[in-house]
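Per-entry structural report
Residue-level listing of the chains:
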Amino acid sequence: MFRLIDHRAACSLASREGSVAEALALVLALAAVFPAGPALAQTTATSGTDAAQPVDDANLEAGKLAVPALPAEPALPQVDPIIPDGEFNSSVPALDAADDPELDKPLESIEEFERRTATRQAGAKPEEGQSAPAGDPALADGDTSEAIGDAPVRDAELSAPLPALDQFEVTPVKIAEDADADRKDVEVRYRLDLKGLDLADKDTDTDLKAEFKSASALEKGDGKASNTAMIAARLTEDSQLMETVLASEGWYSPQVRTRMEPPSSKDDPAMTAVIQVNPGKRYVFSDIVIKADPTEPPGLIADNFPLKVGEPIVAERVQGAEARVAVALPENGYPFAEVGQRDILLDQDAGNGVYTLPVTVGPRGRFGGFRTDGDLAFDADHIQVLSRFKRGELYDSRKVDDLRKALVATSLFSTVSVEPEKTGEAAGDGAEYVTLYVKQDAGPPRTIAGSLGYAAGEGITAQATWTHRNMFPPEGALIAHAIAGTRQQGAGVTFRRSNAGKRDRTFELVAETFHNDYDAYSAYTGRIAARIARDSTPLWQKRYTYAFGIEMLGTAETDYDAATGGRKRNTYYVAGLNGQVGFDTSDDLLNPTKGYRLTTLLQPEATVRGGFDPYIRGRIDASTYYPVNDSLVLAARVRLGTIQGAGLFDIAPSRRLYAGGGGSVRGYAYQALGEQAPDGNPVGGRSLNEGSFEARYRFGNYGVVAFLDAGQAYRETTPQFNDLRYGVGIGGRFYTNFGPIRLDVATPLGRKPGEARLNIYVSIGQAF
């Protein structure tokens, strides 16, 4: 594209950069290229005008170029000058040579100026009529060693000669420290003022102010900040938090404004961080749409979805309703149900919202079989034993959770999971069988454990056990145990199969030997016993328990001999059956705080020692627990025991009934209550009665207990409820994740000669 230049512009350009002749030559050259014709114009079209005319081939051959004419210049309005020319010229001073003769003198050449300046700097004085070099009078005195500024010397150090380098000393520069350098950081105090939030608080059950303050940056700052910028940053953060809190309760268009107010007075230097809230309108559900396939029963989703049209859009209720549907479907035969992503379409003008929830129901299922893999502790057949459902039952996720807990309670896994799998196998009634996939990761099967305790009359007792929980799969454990103490020593081995053919059923076979050395008797005993039981454990507490079994023992025990007036060792052979039934509604096995317990024990036995002496031992234990508040629990218990069918001295001393000690009547030594032999040691009895009352107060992981115990053992076969002995004391508790550690100190009331003033008991778990 070519741009043609107006001849006037060309002349102007030439006059700025060259001579008039050059400008004229440029114009003539342009005239040779473009002959005279219409006024020259640019070849390009401008916006808003017609396009440029196309170039004609005939004109090109003739050496002519057709160019459209420029539009006429528009007439510009006449504008008066801001300052008239006459006024401007009169304000400019005239340059008159008569006033300043230097104006008519010719300029000095550059060569002369440089020569004159160099001469003056070399020390020559200027000639008459000649100015000082560079206009500096200091250079005109002929002194080549000039003082600074040619001024009088006020400091002798400035004119002194410089010292030699080897004598030059450098003195470190000392910078004066800021007097406030040790001053502590300035602390700005503030207070938080919430305004307008009460308007929203009155329309909801949620304490919005408390919810806001629980996460507030200003509240966490505890009214202190390093500077006002920090307060402002916290205020900005809290304004966003306020919007979130309000939105969670249905206010989606609030107005939250913040400001900082200076201290009101010198006596009150705290600033005020103000959050002004206008909650606006609370949004409600205008419609609720659940997109899901039909279920059986038909109202399964609707009956478990508590949200209603017209109620506020509260985030917590929305999440709770969705969670309830997600739980209800698997509990009622839909193991693969999934709750999708909700959609709430808000209408700001109407102040409401349309709630839509997609739900994938999936096939209805019934329990089928089991599949298991991984590092196996046992096979799928034993998993079936642990389950509480049968093939064909409607799928219920609660029963699956129960199976998972039972697997964990075996203590044989480091990790274990149970998940449903689709089979596609029809189970009738529109359902299909569901396989439970159990992923096993067996853990270490061996355990070493120990315990240590102390009780008055029993001394120190230490116990240790070694257990292989799965030596005989499934769940066949071998347990070796030993006990060492000041009053008892022994060792034994136990075979135990848990979940033996049935969930929660245990079979045990025990062989042990031990030595007991108490005030009432000294015994060397060997024992063999077998037992089938359904017991509670700390991980799996049960409401109903039972136990029945058989035991045989041979024991050599000392007893008081009236003929000799001393202790004589006799040999007894005892065989018997035992049965026990328990009912437990308490909330914890080792630390109950509510509910009650009831246990009944019945033991038919026979003693062989020069004859056959059958008898029945029976005992009833009951306890109750009442929580006064979260910290205080009142507990009480009672125990009754009896032996029917044999004389007192026909029964081995270790099989008689005794009272006194840490699990009986505290304040007295172990087995110390009841009839006393002439040597001052107890002989035991054929009946007993005991009672205890405790007030347990807990604070954090610690607690204190005040208690009163009472009891007595009798020669008679039925409890007499007379001559009761009382013990009173106080205890401390340290609560751990496996149960409380107990320390009790008690004293007997109406202490008799020979009885200790204080008795101490240490163990794990509450006294009852």
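The structure under discussion appears in the preceding block.
Residues numbered from 1 in each chain as written. Predicted model: local features only at pLDDT ≥ 70, side-chain atom pairs only at ≥ 80, totals over all residues. Heavy atoms only, no water.

1. Here we look at the overall build of the protein
Within the protein one finds 14 helices and 27 strands. Burial status across the protein gives 33% buried among its 768 residues. The contacts in the protein between residues at least 6 apart in sequence include a share of 57% that link residues at least 24 apart. Total accessible area on the protein stands at roughly 45,800 Å², and carbon and sulfur atoms take up 56% of it. (Helix = DSSP H or I, 4+ residues; strand = E, 2+ residues; numbered from the N terminus. Buried < 20%, exposed > 50% of the residue type's maximum accessible area, 1.4 Å probe, protein only. Contact = heavy atoms within 4.5 Å. Areas by Shrake-Rupley, 256 points an atom, 1.4 Å probe, with all protein chains shown as cover.)

2. With respect to the pairing of strand β7 (residues 343-347)
As judged from the 5 bridges shared by β7 and strand β8 (residues 352-360), these two strands associate in the antiparallel manner. When the sheet's bridge partners are listed, I344 is paired in β8 with Y355. The antiparallel pairing of β7 with β8 creates a hairpin that spans 4 residues between the two strands, and G351 there sits at a positive phi of about 70 degrees. (Pairing = 2+ DSSP bridges.)

3. Quick look at the sheet that holds strand β4 (residues 271-278)
Pairing in this open sheet of 4 strands is mixed, and the strands run β2-β1-β4-β3 from one edge to the other. Either end of the sheet is taken by a strand with one partner, and the two such strands are β2 (224-225) and β3 (255-261). Bridge count for strand β1 (residues 188-195) against β2 is 2 bridges, and the pairing is antiparallel. Along β2, the bridge assignment pairs R189 with K224.

4. Description of the sheet that holds strand β10 (residues 413-428)
Strand order in the open sheet formed by 3 strands is β9-β11-β10, and the pairing between neighbours is mixed. If you trace the sheet from one side to the other, it starts and ends with β9 (365-375) and β10, each paired once. Strand-to-strand twist across the sheet, computed as the mean angle between neighbouring axes with direction ignored, equals 20 degrees. For β10 and strand β11 (residues 431-442), the ladder comprises 11 bridges, and the chain directions are antiparallel. Bridge pairing links V418 to V438 in β11. (Axes fitted to C-alpha atoms, helices over the stretch in contact; angles between N-to-C directions.)

5. What about the packing of aromatic side chains?
Summed over all chains, the structure comprises 17 aromatic pairs. Aromatic pair F367 and Y395: ring centres 5.1 Å apart, planes at 35 degrees, arrangement tilted. Of the two residues, F367 sits in strand β9 while Y395 sits in the loop between α13 (380-386) and α14 (397-409), which places them 28 residues apart along the sequence. Judged by centre distance (5.8 Å) and plane angle (90 degrees), the ring pair of Y518 and Y521 falls under edge-to-face. Each member of the pair, Y518 as well as Y521, is classed as buried. One aromatic cluster in this structure is built from F367, F370, F389 and Y395. Positioned above the aromatic ring of F707, the side-chain terminus of R666 is 3.8 Å from the ring centre. (Phe/Tyr/Trp six-rings, centres within 6.5 Å; stacked < 30°, edge-to-face > 60°. Lys NZ or Arg CZ within 6 Å of the ring centre and 35° of its normal.)

6. Things to note about the side chain of R282
Considering the arrangement of structural elements, one finds R282 in the loop between β4 and β5 (284-291). Here E249 takes part through its backbone oxygen, which lies 2.7 Å from a polar atom of the side chain of R282. Ignoring anything within four residues of it in the chain, the contact list for R282 reads D203, T204, E249, G250, W251, P312, V314 and G351. (Polar contact = N/O pair within 3.5 Å; in protein donor to acceptor, adjacent residues only side chain to side chain.)

7. Considering the environment of L386
Structurally, L386 is set in helix α13. Sequence-distant contacts of L386, that is, excluding residues within four places in its chain, are made with F378, L403, A406, L407, T410, E475, N499 and R503.

8. Section: the packing of helix α8 (residues 208-215) against helix α10 (residues 228-248)
With their axes 10 Å apart at the nearest point, α8 and α10 run at an angle of 140 degrees to one another. In terms of orientation, α8 lies oblique with respect to α10. In the crossing of α8 with α10, the sense of the turn from one axis to the other is right-handed. Contact residues: α8 offers L208, E211, F212 and A215, while α10 offers D238, L241, M242, V245, L246 and S248. Within the contact of α8 with α10, the residues separate by chemical class into 7 nonpolar, 1 polar and 2 charged. (Parallel < 35°, antiparallel > 145°, perpendicular 65-115°, else oblique. Left-handed = near helix turned anticlockwise from the far one by under 90°. Nonpolar A, V, L, I, M, F, W, Y, C, P; charged D, E, K, R; others polar.)

9. Some thoughts on the pattern of salt bridges
As enumerated under the stated definition, the model contains 46 salt bridges in all. A salt bridge links R619 to D621, with the nearest nitrogen and oxygen atoms 2.9 Å apart. Residue classification places R619 among the partly exposed residues on the basis of a relative accessible area of 33%. Residue D621 is classed as buried on the basis of its relative accessible area of 17%. Between E694 and R696 there is a salt bridge, and its shortest N-O distance comes to 2.7 Å. The exposure class assigned to E694 is buried, which follows from its relative accessible area of 0%. Put simply, R666, E694, R696, D709, R733, R742 and D744 are held in one network by salt bridges that share partners. (Salt bridge = Lys/Arg side-chain N within 4 Å of Asp/Glu carboxyl O.)

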